[in-house]
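Residue-level listing of the chains:
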Amino acid sequence: PDVMLSVKVTAAPYGSWHSPVAATDVAKETIRLDVVRVDAATLGKDGLVYWSELRPWEAGSIRVCSTDTAKNENDSDTTQWTKGDYNVRTSVHEYGGAGFFVHAG
């Protein structure tokens, strides 16, 4: 037997629709990768790749992380270089710069 459900549809003006899911709930669990750098001095050796992560759950701090691509592809070891209260967030990027630079590991 077919079951017909009754659904009440309510029209609401743009921007006033109530949702049980807030944008902040979605965004706070998201890591944004920003700057990605490959250390040219390690190419063909260790294959070090660095990146910066924007972490909303840490008040929007930006951390520098790296991984060694020469390791087994199943090895997900990540090194976080920015520890404690340190943050590489900077306004230099507004002028074409970045929050970090890597050279020779």
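I will try to describe carefully the structure that is included in this document.

**Quick notes on unusual backbone geometry**
The phi dihedral of Ala59 falls on the positive side, at around 60°, and the residue is not glycine. Looking at where Ala59 falls in the secondary structure, it is placed in the loop between β2 (48-55) and β3 (61-68). By relative accessible area, which is 76% here, Ala59 ends up exposed.

**Some words on the sheet that holds β2**
A sheet is described by the order of its strands in space; here 4 strands give the open sequence β1-β2-β3-β4, paired in antiparallel fashion. Looking along the sheet, the strands with just one partner apiece sit at the ends: β1 (32-38) and β4 (79-80). In the sheet, β2 pairs with β3 via 8 bridges, with the strands oriented antiparallel. Bridging across to β3, Ser52 finds its partner in Val64.

Scoring rules and cut-offs
Residues numbered from 1 in each chain as written. Predicted model: local features only at pLDDT ≥ 70, side-chain atom pairs only at ≥ 80, totals over all residues. Heavy atoms only, no water. Helix = DSSP H or I, 4+ residues; strand = E, 2+ residues; numbered from the N terminus. Buried < 20%, exposed > 50% of the residue type's maximum accessible area, 1.4 Å probe, protein only. Pairing = 2+ DSSP bridges.

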